[in-house]
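# Commentary on secondary and tertiary structure
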Amino acid sequence: MARQGLGEEKMALSMTVGAAGHWRDYAGVCKLKVVALIVFTAMVGMFLATPGLVPLQPLLFGTLGIGMAAASAAAINHVLDQRVDARMERTRRRPVASGQLTGRNCLAFAFVLGGLSMLILAGFVNVLTALLTFASLIGYAVIYTLYLKRATPQNIVIGGAAGAAPPVLGWTAVTGSVDPHALLLFLIIFVWTPPHFWALAIHRRSEYAKVDIPMLPVTHGVEFTRLQVLLYTILLVVVTVLPYLTHMSGLLYLAGALGLGAGFLYHAWALMRDDSGRQAMRTFGYSIVYLMALFAFLLVDHYVPLLIARFA
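These numbers come from a predicted model, not from an experiment.

### What about the overall build of the protein chain?
When helices and strands are counted, the protein chain shows 15 helices and zero strands. Here the C-alpha radius of gyration of the protein chain, 22 Å, is about what a compact globule of 312 residues would show, namely 20 Å. The buried share among the 312 residues of the protein chain stands at 50%. In the protein chain, the share of contacts with a sequence separation of at least 24, taken over all contacts with a separation of at least 6, comes to 74%. Surface exposure of the protein chain reaches about 15300 Å², of which carbon and sulfur atoms provide 69%.

Spelled out as C-alpha cells, the structure:
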C-alpha cells in the first residue's frame, strides 16, 4: 500500500510538472518581454492623454486588451515563422519551432487571445481602439511576417509602423480619438525601431543569410548598416526633442531625452568603429533600456508639475 501510494504521488507530481511545462510553452509564444514593453508604452500614452489620473475602466481593460492582442500577434508570428525559426540558433528553441507546441494549437490559442482582446476593447473601451489594435495585429502578424520580412531589406522600417502603434492605442483608449501628440509618440518608436533591430541583425547576419531573409546587413553589408544605425540614431535624437518643442513635455523630459540620446549616439558611434563584433549586442541592449527610460521620463515629466501644484 505504501509503495502504491508513493507511486501515485510520483505520477501526480509528473503530471503537474508536465502541465506546468505545457503552459510555459503557451507563455513562450506570447513573447512576454516584448509584450511588457508594448503595454508600458501604451500605458504611457494613456497617462499622457489626460491631465489627471486615467479613468479605471480604460486603464484596466485597455491595458488588458492591448496586451492580449500583442500576445496574439506574437503567437501567430511563431506559427508563420516556425520553419525559419527551426534553422536559426537564436530561435530554434521556441516552442513551435522545437515541436513542443503544435502550430495548430498555437494558432487556436492566438485566435482566442485575439478574439477576446477585440471583444474587451470594443465592449469596455471604445471601437476606435479595437479597430486600430486589430490593424496593428494584422500589420505585424501578417503583412510584416508573411510579406515584408522576406520582400525588402527595408522590412523593419516599413513594418515598424505596427510596433510603433501602442502609445496611440493607449491614447485612443482614454480619449476615443487620435491626437497629434499621440502621433508624436508613434514617430519616436517608428524612428527608434531600425537602429534597435539592425544592431541585432548585424550580430545575427549569418543566420538571416542562411534562411534567405534580406535583412540590411545581409543585402548591403555590415559597414552600410552601421552607418544607417548612426544616421537613424541622429534622427531619433532630433525627433525626441519634438515633445518639448510642441509643449507636450517640459524641461525634465528634455534633459532625460538628451542624456539618453547622447548614450545612444555613443553606442552607435562605437558600433561604427567596432571590429570585435561585441558592440552590436551592446547597442541592441542599450536601445531597449533607452526606450523604456525615455517613456518613463515622459510619464514623470507629465505628473511632476501636477504634484508641485498640489503641494505648493
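Now that the structure has been shown, the text picks up again.
### Brief notes about a nonpolar patch on the surface
On the surface, a nonpolar cluster with roughly 460 Å² of combined accessible area is contributed by Leu80, Val142, Ile143, Leu146 and Tyr147. Examining the composition of the nonpolar patch, we find that four residues originate from one element, helix H6 (residues 127-151), more than from any other. As for its placement among the helices and strands, Leu146 is situated in helix H6.

### Details of the packing of aromatic side chains
In the structure shown here, the tally under the stated rule is ten aromatic pairs. Look at Trp23 and Tyr26: their rings are 5.6 Å apart centre to centre, the planes differ by 45°, and that puts the pair in the tilted class. Taken together, the residues Trp23 and Tyr26, both in helix H1 (residues 2-29) and three residues apart, mark about one turn of the helix. Here Trp23 falls in the exposed class, since its relative accessible area comes to 59%. Relative to Tyr290, the ring of Phe264 lies with its centre 5.1 Å away and its plane at 65°, an arrangement referred to as edge-to-face. One end of the pair, Phe264, is in helix H14 (residues 251-272); the other, Tyr290, is in helix H15 (residues 279-311), and 26 residues separate them in sequence. Classification of Tyr290 by relative accessible area gives buried; the value is 1%. Linked through ring pairs, Trp23, Tyr26 and Phe109 together constitute an aromatic cluster.

### A closer look at the side chain of Glu207
Within the fold, Glu207 resides in helix H10 (residues 205-210). At a separation of 3.2 Å, a polar atom in the side chain of Glu207 contacts the main-chain amide nitrogen of Arg90. The contacts of Glu207, once residues within four sequence positions are left out, are Met88, Glu89 and Arg90.

### Observations concerning the nonpolar core
Within the largest apolar cluster, 52 residues are counted, with the highest numbers of intra-cluster contacts made by Trp192, Tyr290 and Phe295. Put simply, the parts of the chain that give this core at least two residues each are helix H2 (32-48), H6, helix H7 (155-163), helix H8 (166-175), helix H9 (180-203), helix H12 (222-239), H14 and H15. No other element matches H9, which puts 13 residues into this core. In this structure, Trp192 is in contact with Leu37, Leu236, Phe264, Ser287, Ile288, Tyr290 and Leu291, ignoring residues within four places of it in sequence.

### Things to note about H6
The sharpest bend along H6 measures roughly 60° and falls at Tyr144. Those residues of H6 lying buried are Thr129, Ala130, Thr133, Ser136, Leu137, Gly139, Ala141, Tyr144, Thr145, Leu148 and Lys149. Among the residues of H6, the N-terminal cap falls to Asn126, whose side-chain oxygen and the backbone nitrogen of Leu128 are separated by 3.4 Å.

### Here we look at the pattern of salt bridges
With the rule as written, the count across this model stands at seven salt bridges. Linking Arg94 and Asp85 is a salt bridge whose minimum nitrogen-to-oxygen distance equals 3.2 Å. A salt bridge links Arg226 to Glu223, with the shortest nitrogen-to-oxygen separation between them at 2.8 Å. With Arg226 and Glu223 both in helix H12 and three residues apart, this pair spans about one turn of that helix. Beyond isolated ion pairs, a larger network of salt bridges with shared partners links Asp81, Lys149 and Arg150.

### Details of the packing of H9 against H12
For the pair H9 and H12, interaxial distance at closest approach is 9 Å and the crossing angle is 155°. One element, H9, and the other, H12, form an angle in the roughly antiparallel class. Crossing of H9 over H12 shows left-handed handedness. Judged by residue contacts, Leu187, Ile188, Val191, Trp192, Pro194, Pro195, Trp198, Ala199 and Ile202 of H9 engage Val222, Thr225, Arg226, Gln228, Val229, Tyr232, Thr233, Leu235, Leu236 and Val239 from H12. Its residues assigned to classes, the contact of H9 with H12 shows 15 nonpolar, three polar and one charged.

Parameters at a glance
- Residues numbered from 1 in each chain as written.
- Predicted model: local features only at pLDDT ≥ 70, side-chain atom pairs only at ≥ 80, totals over all residues.
- Heavy atoms only, no water.
- Helix = DSSP H or I, 4+ residues; strand = E, 2+ residues; numbered from the N terminus.
- Rg over C-alpha atoms; globule rule 2.2 N^0.38 Å.
- Buried < 20%, exposed > 50% of the residue type's maximum accessible area, 1.4 Å probe, protein only.
- Contact = heavy atoms within 4.5 Å.
- Areas by Shrake-Rupley, 256 points an atom, 1.4 Å probe, with all protein chains shown as cover.
- Patch = residues over 30% accessible without salt bridge, like charges linked within 9 Å, V, L, I, M, F, W, Y side chains within 5 Å.
- Salt bridge = Lys/Arg side-chain N within 4 Å of Asp/Glu carboxyl O.
- Phe/Tyr/Trp six-rings, centres within 6.5 Å; stacked < 30°, edge-to-face > 60°.
- Polar contact = N/O pair within 3.5 Å; in protein donor to acceptor, adjacent residues only side chain to side chain.
- Core = buried A, V, L, I, M, F, W, Y, C linked by side-chain atoms within 4.5 Å.
- Bend = angle between axes of the 7 residues up to and from the residue.
- Axes fitted to C-alpha atoms, helices over the stretch in contact; angles between N-to-C directions.
- Parallel < 35°, antiparallel > 145°, perpendicular 65-115°, else oblique.
- Left-handed = near helix turned anticlockwise from the far one by under 90°.
- Nonpolar A, V, L, I, M, F, W, Y, C, P; charged D, E, K, R; others polar.

Just distances and angles here, no functional claims.
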